[in-house]
Amino acid sequence: MLNTAINLQTGFGHLTDLPCITLQFGEASAVVSLYGAQVLSYQPAPGDDILWLSPLAQWHNQTPIRGGVPVCWPWFGPVDARLNPKQQSLPNHGVVRTRLWQLAEQHITADSVSVTLAITVPALPYHPDETTLQLQLTLSDSLTISLVCNSVIAQQAALHSYFSVANIDNTRVQPLPLQYQDKVSGSDQHSSKPVATFKAEVDRIYAKPAAKLQLDTGAQQLELGQSGQDATIVWNPWQDKSRNTKDLADDSYLEFICVETARLQLQEAAPLQLTQQIKLTQ
Ligand SMILES: O=P(O)(O)OC[C@H]1O[C@H](O)[C@H](O)[C@@H](O)[C@@H]1O
């Protein structure tokens, strides 16, 4: 018999009062915080975590948790003017990273353990009606994270995963499109190889990325499946930004990269189904 379980748990790591849910499927485990519906841990087997959580992460006073898989919604990065008709001062990456979500469903089957977290947002700056958003988490021989919103509204979203890396010098993500929007220089760039490596600050938006990416962490090989996306963002803050970011330690940039599955288009009001699947292959 496989050991399977879903449990409520108070606290994860140094965030000792954070309400969380733990999932167990055989050797594999995952932890998701109700604050932000943020996955904080994924261990295919007991040992090293696939996901990275900052040692300085906090969650009180409307602070988004630095690490795991933040949910960015309904905008990515600074709010787009189309979503902010009253030109308010609004937080980076939307409004659900700093709210409490509810456990809506849980299932244990022979093949997987899954939970659905949900949140109803009473109104958005550009949309007066309430909107419900769900995060579906399925643990099996991989971890699948899906963000679902059935409302036909303009919405951006990202699953902003922070992956632990063993050696940043040997870390690579591929295959990526050759063209990308470089947020560091503020220009469009062209690479000769379909690979991202990390020797300085990296903050890139790749449009129309492949449905499967390989992440080599210097010690492990991960396969990242994505669907519903029109962009992948690859981010590492490097040394200066690590030093200057309150909830990163000086050397945090050596320990993680973000590979984010996103939908950024705002041309068309449409429902959302955005998925990232994380699988350890070696
Ligand atoms: O500090 P945060 O609001 O969590 O954003 C962290 C990072 O998220 C994304 O990767 C963006 O592309 C970066 O420009 C941003 O710095």
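- Per an unreviewed UniProt entry, the chain goes by Putative glucose-6-phosphate 1-epimerase and derives from Rheinheimera pacifica.
- The UniProt entry for the chain carries the following text under Sequence similarities (unreviewed entry): "Belongs to the glucose-6-phosphate 1-epimerase family."
- Of the comments in the UniProt record for the chain, the one headed Catalytic activity (unreviewed entry) reads "alpha-D-glucose 6-phosphate = beta-D-glucose 6-phosphate".

**A short note on the site of the ligand**
Argument step 1. The full set of residues close to the ligand is Pro-64, Gly-77, Asn-92, His-93, Lys-183, Asp-203, Ile-233, Trp-235, Cys-258 and Glu-260.
Argument step 2. Contributions of two or more residues to the shell around the ligand are made by strand S17 (231-236) and strand S18 (256-263).

**Let's talk about the sheet that holds strand S3 (residues 28-33)**
Argument step 1. Reading across the sheet, the four strands line up as S1-S2-S3-S4 and stay open at both edges, with antiparallel pairing between neighbours. What marks the edges here is a single partner per strand, and that holds for strand S1 (4-12) and strand S4 (38-43). Averaged over all pairs of adjacent strands, the angle between their axes in this sheet comes to 20°, without regard to strand direction.
Argument step 2. Pairing of S1 with strand S2 (residues 15-25), which is carried by eight bridges, proceeds in the antiparallel orientation. When the sheet's bridge partners are listed, Thr-10 is paired in S2 with Pro-19.

**Side note on the nonpolar core**
Argument step 1. Val-32, Leu-51 and Phe-163 are the most contacted members of the largest nonpolar core, which totals 74 residues.
Argument step 2. Counting residues per element, this core draws most heavily on S2, which supplies six residues.
Argument step 3. Leaving out residues up to four positions away in the same chain, Phe-163 has contacts with Ile-50, Leu-51, Trp-52, Leu-215, Thr-217, Leu-222, Phe-256, Ile-257 and Val-259.

**Section: the sheet that holds strand S19 (residues 270-280)**
Argument step 1. Taken in spatial order, the eight strands line up as S6-S7-S8-S9-S19-S16-S15-S11 in an open sheet, and their pairing is antiparallel. Every interior strand has two partners, whereas the edge strands, strand S6 (102-108) and strand S11 (172-174), have only one. On average, each strand axis in the sheet is inclined to that of its neighbour by 15°, with strand direction left out of account.
Argument step 2. With six bridges connecting them, S6 and strand S7 (residues 113-121) associate as antiparallel partners. Looking across to S7, one finds that Leu-103 is bridged to Leu-117.

**Structural notes on the pairing of strand S9 (residues 143-153)**
Argument step 1. Pairing of strand S8 (residues 131-139) with S9, which is carried by six bridges, proceeds in the antiparallel orientation. Looking across to S9, one finds that Leu-135 is bridged to Leu-147.
Argument step 2. Hairpin connection between S8 and S9: a loop of three residues separates the two successive antiparallel strands.
Argument step 3. Examined bridge by bridge, S9 and S19 share eight bridges and lie antiparallel to one another. Paired with Leu-143 across the two strands is Ile-278, which belongs to S19.

**Remarks on the UniProt feature "active site" (unreviewed entry) in the chain**
Argument step 1. Summarizing the sequence annotation, UniProt attributes the feature "active site" (unreviewed entry) to His-160 and Glu-260 in the numbering used throughout. In terms of the greatest pairwise C-alpha distance, the residues named above, spread along 101 residues, form a tight cluster of at most 4.4 Å across.
Argument step 2. Counting through the fold element by element, His-160 comes out in strand S10 (residues 157-164).
Argument step 3. The class for His-160 is buried, based on 24 C-beta atoms found within 10 Å.
Argument step 4. In this structure His-160 touches Val-69, Pro-70, Cys-72, Cys-258 and Glu-260, once residues within four positions along its chain are discounted.
Argument step 5. Looking at where Glu-260 falls in the secondary structure, it is placed in strand S18.

**Focus on the confidence of the model for the chain**
Argument step 1. Residue-level pLDDT values for the chain average 98, and 100% of them are 70 or greater.
Argument step 2. In the predicted complex, the global pTM is 0.98; the interface-specific ipTM is 0.98.

What counts and how
- Residues numbered from 1 in each chain as written.
- Predicted model: local features only at pLDDT ≥ 70, side-chain atom pairs only at ≥ 80, totals over all residues.
- UniProt positions renumbered as here; feature names shortened; annotations may be inferred.
- Near = placed C-beta within 6 Å.
- Helix = DSSP H or I, 4+ residues; strand = E, 2+ residues; numbered from the N terminus.
- Pairing = 2+ DSSP bridges.
- Axes fitted to C-alpha atoms, helices over the stretch in contact; angles between N-to-C directions.
- Core = buried A, V, L, I, M, F, W, Y, C linked by C-beta atoms within 7 Å.
- Buried ≥ 20, exposed ≤ 12 C-beta atoms within 10 Å, placed from the backbone.
- Contact = placed C-beta atoms within 7 Å.
- pLDDT = per-residue confidence, 0-100.

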